Amino acid sequence: MIKNKTLKGVLFVALGASSYGMLASFVKMAYLEGYTTAEVSGAQFSLGLFTVLLLNIFRKIKKNTDDVKIAKHQILQLILAGTSMGFTSVFYYLSVKYISVSIGIVLLMQTVWMGVLLEMFLDKKRPSTQKIISVVITLIGTVLATNLLHDEISLDWRGFFWGILAAAAFTTTMFGANKVAVEVPSIQRSFFMLIGGTLIVVLFGFITQITPFNYSIFLKWGIILSLFGTIIPPFLLNTGFPLTGIGLGSIVSALELPVSVTMAYFLLAEEVNWVQWLGILLILTAIILMNIRLNK
């Protein structure tokens, strides 16, 4: 019975991570049709927020559902934590505007070493040798996966800059998801965090959108982006992680990396050479190494 629950959790986490992995290719395809970053992110978050609001309403209608009363300070904390979701999407989508999806997802995976640094500052203790080795492997894998050693490759600094910022924002998102108001049901937490993310996306749109907003994005790409970015993955991951545990769940969620690269290959015809695949394999190895207990 335990094995069946674990396998079910692995399936949920794998599907959730795969959904996130598909996202950047869809964004890139929307760019090819002339849509802007503000339109793409705005459609994704607004539709996602509306859907999660409906889910919360249906949840309250159920008589057998016990709602957890949320204090005002918890709501504010969740909204503040959710702003990092908005920053992650905006920075990531800006990144893939200048570089390939394959390199963009590799930069996003720098959360491996950023998470170690954040943990070190918050806990005020030296990271374990196992984590330090994982960070070194991640950095080596990043150099290979981004093809920096290839003389003919010129990495657009704008894509690199936004990609690193996206990784930093994503690290903050993961911290908030695991630390802020964890006793509140995930569907309620998701709603308030999405409010914070939507506020950032709307503010970004007001600042950067110089042309009239193209509302056709809602029907053409908004539904797909909200499904694969703000609706399906949080539900699957929040359902799967309690069944797998953090360690196994983190390893399975790394599936986002190869899925993203594979989707970019088939949908966008992005080429990835064997050196880049080697780098991707090293990053996956680092994630596994960081989340396993070597003494067991």
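Residues numbered from 1 in each chain as written. Predicted model: local features only at pLDDT ≥ 70, side-chain atom pairs only at ≥ 80, totals over all residues. Heavy atoms only, no water.

## Some thoughts on the overall build of the chain
Then step 1. Each helix and strand in the chain was counted, giving twelve helices and zero strands.
Then step 2. Listing the helices and strands of the chain from first to last along the sequence gives α-α-α-α-α-α-α-α-α-α-α-α.
Then step 3. Against the 2.2 N^0.38 benchmark of 19 Å for 296 residues, the chain shows a C-alpha radius of gyration of 19 Å, consistent with a compact globule.
Then step 4. Oriented by its inertia axes, the alpha-carbon framework of the chain measures out at about 60 × 55 × 40 Å.
Then step 5. The buried share of the chain, taken over its 296 residues, is 47%.
Then step 6. Taking all contacts inside the chain whose residues are at least 6 apart in sequence as the whole, residues at least 24 apart take part in 89%. (Helix = DSSP H or I, 4+ residues; strand = E, 2+ residues; numbered from the N terminus. Rg over C-alpha atoms; globule rule 2.2 N^0.38 Å. Buried < 20%, exposed > 50% of the residue type's maximum accessible area, 1.4 Å probe, protein only. Contact = heavy atoms within 4.5 Å.)

## Considering unusual backbone geometry
Comment: phi is negative for the bulk of residues other than glycine, and the bulk of peptide bonds are trans.
Then step 1. Notably, Ala269 is not glycine yet its phi reads approximately 60 degrees, a positive angle.
Then step 2. In this structure, Ala269 sits in the loop between helix 11 (256-268) and helix 12 (274-291).

## Things to note about the nonpolar core
Buried together is how nonpolar side chains tend to be arranged in soluble globular proteins.
Then step 1. Counting 55 residues, the largest nonpolar core has Val40, Tyr92, Ile105 and Leu257 as its most contacted members.
Then step 2. Top contributing element to this core by residue count: helix 3 (residues 72-98), with eight residues. (Core = buried A, V, L, I, M, F, W, Y, C linked by side-chain atoms within 4.5 Å.)

## Overview of the pattern of salt bridges
Then step 1. Evaluated as defined, the whole model comprises two salt bridges.
Then step 2. Salt-bridge contacts for Lys220 lead to Glu33; the nearest nitrogen and oxygen are separated by 3.3 Å. Placement of Lys220 in helix 9 (residues 217-244) and of Glu33 in the loop between helix 1 (2-32) and helix 2 (37-61) is noted, with a sequence separation of 187 residues between them.
Then step 3. For Lys220, a relative accessible area of 47% corresponds to the partly exposed category. (Salt bridge = Lys/Arg side-chain N within 4 Å of Asp/Glu carboxyl O.)

## Brief notes about the side chain of Glu256
Then step 1. Note on placement: Glu256 falls in helix 11.
Then step 2. Buried and unpaired, Glu256 has Lys28 as its nearest opposite-charge partner, separated by 15 Å.
Then step 3. Each residue touching Glu256, except ones within four places of it in the same chain, is listed here: Ala17, Tyr20, Gly21, Ile105, Leu108 and Met109. (Lys, Arg positive; Asp, Glu negative; His and termini not counted.)

## Here's the deal with the packing of aromatic side chains
Then step 1. Applying the stated rule across the entire model yields eleven aromatic pairs.
Then step 2. With 5.0 Å between their ring centres and 50 degrees between their planes, Phe213 and Tyr215 make a pair best called tilted.
Then step 3. Judged by relative accessible area, which is 27%, Phe213 ranks as partly exposed.
Then step 4. Aromatic side chains Tyr215 and Phe218 sit 6.2 Å apart centroid to centroid with 15 degrees between the ring planes, which places their arrangement in the stacked category.
Then step 5. Classification of Tyr215 as exposed rests on a relative accessible area of 60%. (Phe/Tyr/Trp six-rings, centres within 6.5 Å; stacked < 30°, edge-to-face > 60°.)

## Topic: the packing of helix 2 against helix 8 (residues 186-208)
Then step 1. Running from amino to carboxyl end, helix 2 crosses helix 8 at an angle of 155 degrees, the nearest separation of the two axes being 9 Å. It follows from the interaxial angle that helix 2 and helix 8 lie roughly antiparallel. Once helix 2 is placed against helix 8, the crossing between them reads as left-handed. Only Ile187, Gln188, Ser190, Phe191, Leu194, Ile195, Gly197, Thr198, Val201, Phe204, Gly205 and Thr208 of helix 8 make contact with helix 2, whose side of the interface consists of Thr37, Ala38, Ser41, Gly42, Phe45, Gly48, Leu49, Val52, Leu53, Leu55, Asn56 and Arg59.
Then step 2. Residues of the contact of helix 2 with helix 8, tallied by class, amount to twelve nonpolar, eleven polar and one charged. (Axes fitted to C-alpha atoms, helices over the stretch in contact; angles between N-to-C directions. Parallel < 35°, antiparallel > 145°, perpendicular 65-115°, else oblique. Left-handed = near helix turned anticlockwise from the far one by under 90°. Nonpolar A, V, L, I, M, F, W, Y, C, P; charged D, E, K, R; others polar.)

## Here's the deal with the packing of helix 3 against helix 4 (residues 101-108)
Then step 1. Look at helix 3 against helix 4: their axes get within 9 Å of each other, and the N-to-C directions meet at 145 degrees. The two elements helix 3 and helix 4 cross, and the hand of that crossing is right-handed. Mapping the contact onto sequence places Thr88, Tyr92, Ser95 and Val96 in helix 3 and Val101, Gly104, Ile105, Leu107 and Leu108 in helix 4.
Then step 2. Taken together, the residues of the contact of helix 3 with helix 4 sort by class into six nonpolar, three polar and no charged.

## Things to note about a nonpolar patch on the surface
Then step 1. Side chains of Phe50, Leu53, Leu54, Leu55, Ile57, Phe58 and Ile61 sit close together on the surface and give an oily, nonpolar patch of about 650 Å² of accessible area.
Then step 2. Its place among the elements puts Phe50 in helix 2. (Patch = residues over 30% accessible without salt bridge, like charges linked within 9 Å, V, L, I, M, F, W, Y side chains within 5 Å. Areas by Shrake-Rupley, 256 points an atom, 1.4 Å probe, with all protein chains shown as cover.)

## Observations regarding the environment of Thr83
Then step 1. The residue Thr83 is located in helix 3 in this model.
Then step 2. Judged by its relative accessible area of 17%, Thr83 falls in the buried class.
Then step 3. For the pair Thr83 and Phe192, spaced 109 residues apart in the sequence, the C-alpha separation amounts to 10.0 Å.
Then step 4. What Thr83 contacts, discounting residues up to four positions off in sequence, is Gly196, Gly197 and Ile200.

## Brief notes about the side chain of Thr37
Then step 1. For Thr37, the position within the fold is in helix 2.
Then step 2. Using a relative accessible area of 3% as the deciding quantity, one classes Thr37 as buried.
Then step 3. A polar contact is formed between the side chain of Thr37 and the side chain of Tyr31, at a distance of 2.7 Å.
Then step 4. Residues within four places of Thr37 in sequence aside, it is in contact with Tyr31, Val90, Tyr93, Leu94, Lys97 and Phe204. (Polar contact = N/O pair within 3.5 Å; in protein donor to acceptor, adjacent residues only side chain to side chain.)

All quantities given are derived from atomic positions and should not be read as evidence of function.
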